[in-house]
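Summary of the model geometry
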Amino acid sequence: MADNNTSYSNEQLRDTFNKEYESFAKDIGQCNILLLGKTGVGKSTLLNAVFTKQLAITGIGKPITQDIQEYSQPNCPITVYDSPGLELTGRVIQRLKDEVTKLINEQRKLPIQNHIHFVWFCINEQLRRFEDAEEKWIKDIVKQEVPVIIVLTQTLDPQNSKLLEFIKKRDLPVNDVIPVLAKPVQITAEYKIPAHGLAHLVEVTATLLPEVARKAFIKEQKVTKNICVKKKKSKNKN
Ligand SMILES: Nc1nc2c(ncn2[C@@H]2O[C@H](COP(=O)(O)OP(=O)(O)OP(=O)(O)O)[C@@H](O)[C@H]2O)c(=O)[nH]1
Ligand SMILES: [Mg+2]
């Protein structure tokens, strides 16, 4: 143990910091998010509205396949897998589907903190379209037993959204369909539609996560302070 007069070398300070961080990280866990959706739906806008750290700044992603980028930041227990800039038609959608299937499977071979913990499948409400290919893809992801939430992005008026109604009626095997507006929209000089739906999205997502990912997710989100995680009812009564 050093006394007060001892000065520490940079290496010692770094080692001490790294040890402290490792034990902190062990406690807080790790959460891995897969974001899917066409270019321009608002994936990056959503991330920046939900998390304290800017996880979606263009250019800092690490390409892990042809279409998927991995975004992480030092000392941040969140990793985001995103596929920026894709039109998602025909051949591209098939290629990305294959890459996603492989990513989910490969991560699942590792310990639970490396798994893909949930998918936010983003659909732009403004486009008024939910394509068969998207529906089929969502069903395929669900078969891989990853929680999926359909996030209806850029929804101005959830009460009167025909697309929301349509998707809900499809009765897909997803965990939820949640309309959001991640950033306010200025309609006229006097009238602005405020952001909405984010707290609900965060609460529902937190409920779906294993403990190891939930702590990290709750710590890094900035939307709500009071997350009430509803415990899933155990099927086994004993
Ligand atoms: N006002 C408002 N604008 C939004 C919202 N979501 C997306 N946008 C706008 O839509 C455009 C595209 O949003 P991005 O978040 O870059 O879309 P993306 O899905 O990340 O697109 P790629 O990275 O190309 O795949 C930007 O100009 C955003 O400002 C929102 O909730 N509110
Ligand atoms: Mg983006």
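As recorded in an unreviewed UniProt entry, the protein chain goes by the name 50S ribosome-binding GTPase, listed as coming from Anabaena azotica FACHB-119.

One finds C31, L46, F51, W120 and F217 to be the most contacted residues of the largest nonpolar core, which totals 33 residues. Element by element, the count of residues in this core is highest for helix α6 (residues 198–208), at six residues. Aside from chain neighbours lying at most four places away, what touches F217 is C31, F51, I78, F118, W120, V202, T205, A206 and L209.

Another aspect to go through is unusual backbone geometry. Positive phi outside glycine occurs at Q154, with the angle close to 55°. Mapped onto the elements, Q154 comes out in the loop between β6 (148–153) and α5 (162–169). Using a relative accessible area of 31% as the deciding quantity, one classes Q154 as partly exposed. The backbone of D171 shows a phi angle near 50°, a positive value even though the residue is not glycine. Structurally, D171 is set in the loop between α5 and β7 (176–179).

With that out of the way, let us pick up the packing of helix α2 (residues 43–50) against α6. One way to put it is that α2 packs onto α6 with a least axis distance of 11 Å and a crossing angle of 80°. It follows that α2 is roughly perpendicular to α6 by the angle criterion. Packed against α2, whose contacting residues are L46, A49 and V50, the element α6 presents L198, L201 and V202 at the interface. Looking at the contact of α2 with α6 residue by residue, the classes come out as six nonpolar, no polar and no charged.

Turning next to the site of ligand 1. Near ligand 1, the surroundings consist of 16 residues, among which T39, K43, T45, A182 and K183 are the closest. In the model, an oxygen atom of ligand 1 is placed 3.0 Å from a nitrogen or oxygen of the G42 main chain. The contact in question runs from an oxygen atom of ligand 1 to an N or O atom on the backbone of A182, over 2.8 Å. For ligand 1, whose free accessible area comes to 640 Å², the fraction covered by protein is 72%. In terms of residue class, the shell around ligand 1 is made up of six nonpolar, seven polar and three charged.

We now examine the sheet that holds strand β4 (residues 78–82). Ordered in space as β2-β3-β4-β1-β5-β6-β7, the seven strands form an open sheet in which the pairing is mixed. If you trace the sheet from one side to the other, it starts and ends with β2 (62–63) and β7, each paired once. Where strand β5 (residues 118–124) and β6 come together, six bridges link them in parallel fashion. Along β6, the bridge assignment pairs V119 with V148. On top of the sheet, α2 reaches β1 (31–36), β4, β5 and β6; it is set at about 125° to β5, its chief contact.

What counts and what doesn't
- In this convention, every chain numbers its residues from 1, walking through the sequence in written order.
- Chain letters and ligand numbers both follow the written order, the letters beginning at A and the numbers at 1.
- Per-residue local features of the predicted model are confined to residues with pLDDT of at least 70, and side-chain atom pairs are confined, for both listing and counting, to 80 or more; whole-chain, interface and lining totals are unaffected and use all residues.
- The basis for every side-chain value is the complete set of non-hydrogen atoms in the structure, without hydrogens or water.
- By nonpolar core is meant a set of buried Ala, Val, Leu, Ile, Met, Phe, Trp, Tyr and Cys residues that side-chain atoms within 4.5 Å join together.
- When a residue's accessible area, from a 1.4 Å probe over protein chains only, is under 20% of the maximum for its type it is buried; when over 50% it is exposed; and in between it is partly exposed.
- A helix here means a DSSP run of H or I that spans at least four residues, while a strand means a run of E at least two residues long, and both kinds are numbered starting from the N terminus.
- By definition, residues are in contact when any of their heavy atoms lie within 4.5 Å.
- Fitted lines through C-alpha atoms serve as axes, helices being fitted only where they are in contact, and the angles separating the N-to-C directions of these axes extend from 0 to 180 degrees.
- By definition in this entry, angles of less than 35 degrees are roughly parallel, angles greater than 145 are roughly antiparallel, angles of 65 to 115 are roughly perpendicular, and the rest are oblique.
- Only Asp, Glu, Lys and Arg are considered charged in this grouping, and only Ala, Val, Leu, Ile, Met, Phe, Trp, Tyr, Cys and Pro are considered nonpolar; every other residue, Gly among them, is considered polar.
- Nearness of a residue to a molecule or strand requires only that one of the residue's heavy atoms be within 4 Å of it.
- What qualifies as a polar contact is a pair of N or O atoms within 3.5 Å, subject to a donor-acceptor requirement within protein and to the restriction that residues adjacent in sequence count only when both atoms come from side chains.
- Here the open area of atoms and residues is found with the Shrake-Rupley method and a 1.4 Å probe, where only the protein chains shown may cover a residue.
- Strands were regarded as paired on the criterion that DSSP finds at least two bridges between them.

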